[in-house]
Amino acid sequence: MRIRELGIGGAYLIEPKVFPDSRGLFLEVFSQPAFTEAVGHPMNVAQVNCSVSARGTIRGLHAIHLPGQARYVSCPNGAIRDIVVDIREGSPTYGEHVAVELGEDDRRALYLAEGLAHGFAPLTEQATVVYLCSSTWSPQSSFEVNPLDPDLDLPWPRDHEPVLSDKDRAAPPLKEAARLGLLPSYADCQARYAELASGEPR
């Protein structure tokens, strides 16, 4: 398993070794030792989510107020484009994004640290996404940034009219989310990552 950090601190691409044979294939979707070595701390898994989306759907951009929720995303059926956006005010890559493709062909996964936002869209007629979460979901802690924010200009698939939930469509653009005080600070996120690396409890 190869784990490497992407162009935004706290976003990692996981490339597993896949072992195909006449029966099918085998791979490790998640390895705690490999993850800890690459990221600097283990991942506590408190919840596992699964979504199935049709082509044209955009889910996101979703984030959680600190202490947040780290996510480890994979796509076991179909393929998606997952986009991570740095919404940490004061970050050297604030407002920037990285986009990766995950799917059943390469079996890659994506990890995003607490304080980052992400969304995804299918690249196939249907896609199943499974993601490990470091905390349980709480409606009081979650917030959204509009995935169609023209200032972000994210590379969503253009072959279908986007289908969004009412909440995602009504979400504020990044500048408005900052004005409303929704966004985490880079300093607070760095302190959180140091806490995780030290093994201190929440």
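Residues numbered from 1 in each chain as written. Predicted model: local features only at pLDDT ≥ 70, side-chain atom pairs only at ≥ 80, totals over all residues. Heavy atoms only, no water.

### Some remarks on the sheet that holds strand 5 (residues 47–54)
Test applied: Note on pairing: two strands pair once DSSP finds at least 2 bridges between them. Secondary structure elements are defined from DSSP: runs of H or I of at least 4 residues count as helices, runs of E of at least 2 residues count as strands, and each element is numbered from the N terminus. Lines fitted to C-alpha atoms define the axes here, with helix axes fitted over just the stretch in contact, and angles between the N-to-C directions of these axes take values from 0 to 180 degrees. Contact criterion: two residues are considered in contact whenever any of their non-hydrogen atoms come within 4.5 Å of each other.
Taken together, the six strands give an open sheet; going across it, the order is 1-2-10-7-12-5, and neighbouring strands pair in antiparallel fashion. One side of each edge strand has no neighbouring strand; the edge strands of this open sheet are strand 1 (2–5) and strand 5. Strand after strand, the sheet turns through a mean of 20 degrees between neighbouring axes, direction not considered. Pairing between strand 2 (residues 11–15) and strand 10 (residues 109–112): four bridges, direction antiparallel. What sits directly across from Ala11, in strand 10, is Leu112. Sitting on the sheet, helix 1 (residues 32–39) is in contact with strand 1, strand 2, strand 7 (71–77) and strand 10, with an inclination near 25 degrees to strand 1.

### So, the sheet that holds strand 6 (residues 59–64)
Read from one edge of the open sheet, five strands run 9-8-11-6-13, paired in antiparallel fashion. Of all the strands in the sheet, the pair left with one neighbour each is strand 9 (97–103) and strand 13 (142–144). When the angles between neighbouring strand axes are averaged without regard to direction, this sheet yields 25 degrees. In this sheet, strand 13 lies alongside strand 6 in antiparallel orientation, the contact comprising three bridges. Looking at the pairing, His62 lines up with Glu144 of strand 13.

### Examining the pairing of strand 12 (residues 126–133)
What counts here: Exposure classes here rest on a 1.4 Å probe applied to the protein chains alone. A residue is buried below 20% of its type maximum, exposed above 50%, and partly exposed in between.
Among the eight residues that make up strand 12, six are buried, leaving the element largely enclosed by the rest of the structure. Summarising the sheet, strand 5 and strand 12 pair through eight bridges and their orientation is antiparallel. Bridge pairing in strand 12 places Ala54 opposite Gln126. Looking at chain direction, strand 7 and strand 12 are connected through five bridges and run antiparallel. Bridge pairing in strand 12 links Ser74 to Val130.

### So, the pattern of salt bridges
Rules: Every case where a carboxyl oxygen of Asp or Glu lies within 4 Å of a side-chain nitrogen of Lys or Arg is listed as a salt bridge.
For the structure on display, the rule yields twelve salt bridges. Two residues, Asp86 and Arg88, come together in a salt bridge whose shortest N-O distance is 2.9 Å. In this pair, the class of Asp86 matches that of Arg88, namely buried. The partner of Lys175 in a salt bridge is Asp151, and the shortest N-O contact between them spans 3.6 Å. Taken together, the positions of Lys175 in helix 3 (residues 174–179) and Asp151 in the loop between strand 13 and helix 2 (166–169) put the pair 24 residues apart, joining distant regions of the chain. Taken individually, Lys175 and Asp151 each receive the classification exposed, so the pair is uniform in this respect. One network of salt bridges, with partners in common, ties together Arg2, Arg4 and Glu15.

### Some details on the environment of Val98
Note that Val98 resides in strand 9. Residues Val98 and Asn49, spaced 49 residues apart in sequence, show a C-alpha to C-alpha distance of 22 Å. When near neighbours in sequence (up to four residues on either side) are disregarded, Val98 contacts Leu6, Gly7, Ile8, Ala11, Asp82, Ile83 and Val84.

### Focus on the environment of Ser141
Along the chain, the position of Ser141 falls in the loop between strand 12 and strand 13. Through-space distance from the C-alpha of Ser141 to that of His65 is 5.3 Å; in sequence the pair is 76 residues apart.

### What to know about the state of the cysteines
Defined as follows: For this text, the term disulfide refers to a pair of cysteine sulfurs within 2.5 Å.
A complete count under the given rule lists zero disulfides for this structure. Residue Cys75 stays outside any disulfide, its sulfur separated by 9.8 Å from that of Cys50, the closest cysteine. Of the residues examined, Cys75 reaches a relative accessible area of 3% and is grouped as buried. Cysteine Cys189 is unpaired, with the sulfur of Cys133 as its nearest cysteine sulfur at 17 Å.

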